[in-house]
Amino acid sequence: MNSYDAIIIGGGHNGLVAACYLARAGKQALVLERYHTVGGAAITEEIYPSFRVSVASYSCSLLRPSIIADLRLAEYGFSVYAKEPSYFMPFPDGRHLFLYASDRAASKREIATFSQRDAEDYDRWEEFWDRVCDIIEPTLMAPPPTWSQLADMFEQAGCTDDFRRLMLLSTTDLLNEFFESEEIKAAMAPQSLIGTAAGPDTPGTPHIWMVHAVGRAIGKRGIWGYVRGGMGAITQALAGAARDLGVTIRTSAEVGEILVEQGVATGVVLANGETLRAHAVLSNADPKRTFLKLIPEHALPAAFREHIARNYRCSGPVYKLNLALHELPNYTAYPGSDGPNHRATTDICPSMAYLEQAWEDYKRGQPSVEPFIEIYTQSPTDRSLVPEGKHVLSCFCQSAPYEPAGRSWDDGLREEFADRIIAKIAEYAPNLPQAIIARQMLAPVDLEQRFGLTGGHIFHGELTPDQAYSLRPIAGWADYQTPLPGLYLCGSGTHPGGGVTGIPGHNAAQVVIESLG
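Before going into details, it helps to say that this report is about the structure given with it. Note that the structure is predicted; figures quoted are calculated from it, not measured. (Residues numbered from 1 in each chain as written. Predicted model: local features only at pLDDT ≥ 70, side-chain atom pairs only at ≥ 80, totals over all residues. Heavy atoms only, no water.)

**A closer look at the overall build of the protein chain**
Phase 1: Helix and strand counts for the protein chain stand at 17 helices and 18 strands.
Phase 2: With the C-alpha coordinates aligned to their principal axes, the bounding extent of the protein chain is approximately 65 × 55 × 50 Å.
Phase 3: Counting only contacts in the protein chain whose residues sit at least 6 apart along the sequence, the fraction spanning at least 24 positions is 72%.
Phase 4: Carbon and sulfur atoms make up 49% of the accessible area of the protein chain, which totals about 18200 Å².
Phase 5: Between the centroid of the 43 positive side chains of the protein chain and the centroid of its 60 negative side chains there is a distance of 3 Å. (Helix = DSSP H or I, 4+ residues; strand = E, 2+ residues; numbered from the N terminus. Contact = heavy atoms within 4.5 Å. Areas by Shrake-Rupley, 256 points an atom, 1.4 Å probe, with all protein chains shown as cover. Lys, Arg positive; Asp, Glu negative; His and termini not counted. Charge placed at Lys NZ, Arg CZ, Asp CG, Glu CD.)

See the structure below:
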């Protein structure tokens, strides 16, 4: 076949979800993936012989339960289990903190070792996020509300002050309304900054916290976990479901251009010159790549194209470092190789000032002198990833500019920043440098080249309030349709944004199904 009801550009999780729902509606769908396997940024690969790791995305919570159920993903090998404890924070003075997503009383006991008042106020903190998520969660699986509608929803729920906190405050200001201990503030802050070019003093960053709090993949809202076999098991399950639904998937099939005829998107031209036609084209690429690289310039309104080029913020701060290890880090704040800290996410983030300074370095075009580091060690609970007695460790690090001032990531900076990250972890776990067998380094330019993420931005663009809801990717075009008839967006550059949710793919598919009839 060279003609389909729908062609989906990109075989990441959202593209595969869209294809599945289109096929369930009886549409002939084709997925085109430029890499040799599907997955996009949700992929598991070897970084050294027999050492497998979730190369980019690394943890699961946001994948919607309805998508998991509709597509019967468990039958295709999808299995997710909770991280417990949720977080482990070592501090330079030798103290540590555990947080538990499913055991608030245990978290409060931990917090009380730093501040009894903060332990008591932790209930208020959790209740605030429950109220916010109760309002936002019902908006996820449909085109986004307008800002006036969103404000009305908070007002009708009697939560106007929560709207102020969520959308207008900085993370620093928000935390100051709840906590007194600098260590507790530092422990709560990182989820407001993940993947975001910002610091804790930046207004709007609490919205990022909410994005990470609304997931239910494991059942209870807000619990994060690991996918058995790594994040690639999600996209392999989706691909299996798609094929059984009749979807055609082609890998090593890079799209060179979206075909435009008489002002309508009518298909794609592959990099090898092959032309494929469809009644609808869905792009799982980010808005900048879609509108600025895949579409002829004349096919879009000039003002729209200029807004995407100049105003849509899509330069990410993330550097990913994956390590193959002889042994796990031995943290001086919690010694040993079999403790609960190795089941948790470890955050190297001793203070709010530390986080803000990392952002200040970034704004000057410099990789952070002292980076924020979020460490995942899945191998203690999933031995399928590593040889006997060995481990893998994944470091999600900020802040690293896409275009460093006066340097290039290819002039040795990539290796220098990896050394800096390892040295920082070694301040807390001195055995780490000698435990390393191999390392995989992914600077923002590598995330762009390897995964097609423009600017290395893991969310397909900033997710602060100015680029969310009816403003994502641009006011007037937040309903998965585009100014080019026949072309739709189904990736994280649409509502509700980034993370391995599957929601943009689901929502875009519903719009296309309605359009096709």
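**Regarding the pattern of salt bridges**
Phase 1: Under the criterion given, the structure shown has 34 salt bridges.
Phase 2: The closest approach of N and O atoms between Arg117 and Asp121, which form a salt bridge, is 3.8 Å. Residue Arg117 and its partner Asp121 are located together in helix H4 (residues 116-136), separated by four residues, close to a single helical turn.
Phase 3: Note that Arg131 is salt-bridged to Asp162, the shortest N-O span being 2.7 Å. Here Asp162 lies in helix H6 (residues 160-167) and Arg131 lies in helix H4, a separation of 31 residues in the sequence.
Phase 4: Since its relative accessible area comes to 32%, Arg131 is described here as partly exposed.
Phase 5: Each of Arg64, Asp130, Asp134, Glu137, Arg216 and Arg221 takes part in one network of salt bridges that share partners. (Salt bridge = Lys/Arg side-chain N within 4 Å of Asp/Glu carboxyl O. Buried < 20%, exposed > 50% of the residue type's maximum accessible area, 1.4 Å probe, protein only.)

**Description of the packing of aromatic side chains**
Phase 1: Inspection of every chain in the model, using the stated rule, returns 27 aromatic pairs.
Phase 2: Residues Phe88 and Phe98 carry aromatic rings whose centres are separated by 5.2 Å and whose planes lie at 35 degrees to one another, so their mutual orientation is tilted. Here Phe88 is found in strand E6 (residues 87-90), whereas its partner Phe98 is found in strand E7 (residues 96-99), with 10 residues between them in sequence.
Phase 3: Phe98 gets classed as buried once you look at its relative accessible area, which sits at 3%.
Phase 4: Judged by centre distance (6.3 Å) and plane angle (75 degrees), the ring pair of Phe88 and Tyr334 falls under edge-to-face. (Phe/Tyr/Trp six-rings, centres within 6.5 Å; stacked < 30°, edge-to-face > 60°.)

**So, the state of the cysteines**
Phase 1: One pass over the structure, following the stated rule, counts zero disulfides.
Phase 2: Of all cysteine sulfurs in the structure, the one in Cys159 sits closest to Cys133, which takes part in no disulfide; the separation is 12 Å. (Disulfide = S-S within 2.5 Å.)

**A short note on the side chain of Thr171**
Phase 1: Within the fold, Thr171 resides in helix H7 (residues 171-176).
Phase 2: Residues in contact with Thr171, not counting those within four places in the same chain, are Ala189, Ser192, Pro200, Thr202, Thr205 and Pro206.

**With respect to the pairing of strand E4 (residues 51-54)**
Phase 1: Relative to E4, strand E3 (residues 44-48) is paired through four bridges, and the arrangement is antiparallel. Of the residues in E4, the one forming a bridge with Tyr48 is Phe51.
Phase 2: Between the antiparallel neighbours E3 and E4 lie two residues, among them Ser50 with a positive phi of about 75 degrees. (Pairing = 2+ DSSP bridges.)

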